[in-house]
Structures are given as structure tokens and as C-alpha cells.
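# Topology and contacts: notes
Okay, here's what each chain looks like letter by letter:
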Amino acid sequence: MAGSGYQCSNEPILTFAIPEKDSEVSIEVQWPRGLTQNITVALPQRELLLVEPSDDN
């Protein structure tokens, strides 16, 4: 993915196709600072906002 710069920005969105028969999905996120986070999402879920946890958590 290209970076953002002066007067331009790239929207960091990922799109996945999930089979209709699945009732939940497990996601492993590896954040830029090195934290690994595992999330299980019950379907149907049209959008999911993931935010990197702060150092306080």
C-alpha cells in the first residue's frame, strides 16, 4: 500500500469475501508496533473497525 503525503491520503481498508455458511470468523492482526491481537467476529458483520491499542492497554 502506498503511503500518505501532503494533500493526499490513502484509506487503509481491507476487504474480504467470507463464505455464507460460516457463522463466525477469527482474525489475527499484527500491528505495526509488534502487538498481535486475535479477534473472533460473529457473522453477519458488514463492517468492522479495528484500532491499534494504545500503550495504556
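Residues numbered from 1 in each chain as written. Predicted model: local features only at pLDDT ≥ 70, side-chain atom pairs only at ≥ 80, totals over all residues. Heavy atoms only, no water.

### Thoughts on the overall build of the chain
Put simply, the rule is: Working definition: helices are DSSP H or I runs of at least four residues, strands are E runs of at least two. Numbering for both runs from the N terminus. Contacts: residue pairs with any heavy atoms within 4.5 Å of one another. Where accessible areas are quoted, they stem from the Shrake-Rupley method and a 1.4 Å probe; at the residue level, only the protein chains shown are allowed to cover.
Tallying secondary structure elements over the chain gives zero helices and two strands in all. Once local pairs closer than 6 in sequence are excluded, the contacts in the chain between residues at least 24 apart make up 2%. Just so you have it, the chain exposes about 5,600 Å², and 50% of that area is on carbon and sulfur atoms.

### What to know about unusual backbone geometry
With an omega of 0°, the peptide bond between L43 and P44 qualifies as cis. With respect to the secondary-structure elements, P44 resides in the segment after β2 (36-42).

### Notes on the pairing of β2
Looking along a regular strand, one sees side chains alternate from face to face of the sheet. Basically, it comes down to this: By the convention used here, strands pair only if DSSP detects at least 2 bridges between them.
Pairing analysis gives seven bridges linking strand β1 (residues 24-30) to β2, with the strands arranged antiparallel. If you follow S26 over to β2, its bridge partner there is T40. As consecutive antiparallel partners, β1 and β2 are separated by five residues, and within that stretch G34 has a phi angle of approximately 105°, a positive value.

### Section: the environment of P53
Turning to its location among the elements, P53 is positioned in the segment after β2. Note: C-alpha distance between P53 and W31 (22 residues apart in sequence) is 8.9 Å. Excluding residues within four positions of it along the chain, P53 makes contact with W31, R33, L35 and Q37.

### Quick look at the pattern of salt bridges
To be explicit about the condition: Any Lys or Arg side-chain nitrogen located within 4 Å of an Asp or Glu carboxyl oxygen qualifies as a salt bridge. Relative accessibility decides the category of a residue: with a 1.4 Å probe and only protein chains considered, values under 20% of the type maximum give buried, values over 50% give exposed, and everything between is partly exposed.
Applying the stated criterion across every chain, the model contains one salt bridge. With its nearest N and O atoms 2.9 Å apart, the salt bridge here joins E52 to R33. Of this pair, E52 sits in the segment after β2 while R33 sits in the loop between β1 and β2, placing them 19 residues apart in sequence. On the basis of relative accessibility, which here comes to 25%, the residue E52 falls in the partly exposed class.

### Notes on a nonpolar patch on the surface
Put simply, the rule reads: Surface patches are drawn from residues lacking salt bridges whose relative accessible area is over 30%; two like charges belong together within 9 Å, two nonpolar side chains (Val, Leu, Ile, Met, Phe, Trp, Tyr) within 5 Å.
On the surface, a nonpolar cluster with roughly 370 Å² of combined accessible area is contributed by L14, F16 and I18. On the secondary structure map, L14 appears in the segment before β1. Given a relative accessible area of 67%, L14 falls into the exposed group.

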